[in-house]
Amino acid sequence: MIGGGIAYSSLYYIGYIDTLWVDEKFRNQSIGTKILSLLESKLREYGCELCHLDTFNFQAPVFYKKNGL
């Protein structure tokens, strides 16, 4: 498996990105950006206008900043 993500919505149409990961061998190839974009797109299709992402400071801060988060 190369990577994946888990997202869900609350009853109030708030999207939550719970998990996003890419195997270390496949990082820096825009795979994480594509997964993040797909998760956001699917949440929008479901009706979410807000999205919550929780992470720790050490987990890919450059990646999230690069993607506007």
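Residue numbers run consecutively from 1 along every chain, following the written order of its sequence. In keeping with the model being predicted, local features are shown solely for residues with a pLDDT of at least 70 and side-chain atom pairs are shown and tallied solely at 80 or more, while totals for entire chains, interfaces and linings include all residues. Side-chain measures were taken over the full set of non-hydrogen atoms in the model, leaving aside hydrogen atoms and water.

> Please explain the packing of aromatic side chains as it appears in this structure.
The relative placement of two aromatic rings is captured by the distance of their centres and the angle of their planes. The criterion for an aromatic pair is that two Phe, Tyr or Trp rings (for Trp, the six-membered ring) have centres within 6.5 Å, with stacked assigned to planes under 30 degrees apart, edge-to-face to planes over 60 apart and tilted to the rest. Within the structure shown, the criterion is met by three aromatic pairs. Seen from their ring centres, Y13 and Y46 are 5.6 Å apart, and the 45° between their planes marks the pair as tilted. Placement of the pair is Y13 in the loop between β1 (3-9) and β2 (14-22) and Y46 in helix α1 (residues 31-46), with a sequence separation of 33 residues. Between buried and exposed lies partly exposed: a residue is buried under 20% and exposed over 50% of the maximum accessible area for its type, with that area taken using a 1.4 Å probe on protein chains only. Take Y13: its relative accessible area is 42%, and that puts it in the partly exposed class. A residue is classified by how much of its surface remains accessible, and Y46, at 52% relative accessible area, is exposed. Ring geometry for F63 against Y64: centres 5.2 Å apart, planes inclined by 70°, an arrangement best described as edge-to-face. Y64 carries the same exposure label as F63, and that label is buried. Per the convention used, a helix needs a DSSP run of H or I reaching at least four residues, while a strand needs a run of E reaching at least two, with both numbered from the N terminus.

> Please explain the pattern of salt bridges as it appears in this structure.
Opposite charge on two side chains permits them to pair, given that their charged atoms come into close proximity. Definition used for salt bridges: Asp or Glu carboxyl oxygen within 4 Å of a side-chain nitrogen of Lys or Arg. Overall, the coordinates contain one salt bridge when judged by the stated rule. For K42, the salt bridge is made with E45, and the minimal N-O distance between the two is 3.7 Å. In this pair, K42 and E45 both sit in helix α1, three residues apart, roughly one turn of the helix.

> I'm lost on the pairing of β1 in this one. Help?
Within a regular beta strand, the side chains point alternately toward one face of the sheet and then the other, so they alternate between its two faces. Two strands qualify as a pair provided that DSSP identifies no fewer than 2 bridges between them. As defined by bridge partners, β1 adjoins β2 across seven bridges and the pair is classed as antiparallel. Looking at the pairing, I6 lines up with T19 of β2. Linking two consecutive strands that pair antiparallel, namely β1 and β2, is a turn of four residues; a positive phi of about 60° is found at Y13 within it.

> Could you clarify how one ought to interpret α1 in this entry?
One full turn of an α-helix is made of 3.6 residues, so residues set three or four places apart face in the same direction. Spanning 16 residues, α1 covers 23 Å between terminal C-alpha atoms, matching the ideal 22 Å at 1.5 Å per step. Among all positions in α1, only G32, I35, L36, L39 and L43 are buried. Axial view of α1: buried residues confined to an arc of 100°, hence all on one face. Exposed and facing more than 90 degrees away from the buried side of α1 are K34, R44 and E45. Contacts: residue pairs with any heavy atoms within 4.5 Å of one another. Lining the buried residues of α1 we find β1, β2, β3 (50-53) and α2 (61-66). Just downstream of α1 lies G47, where phi reads positive at about 115°. Helix span is expected to be 1.5 Å times the residue number reduced by one. This arc is taken over the directions from the axis of the helix to the C-beta atoms.

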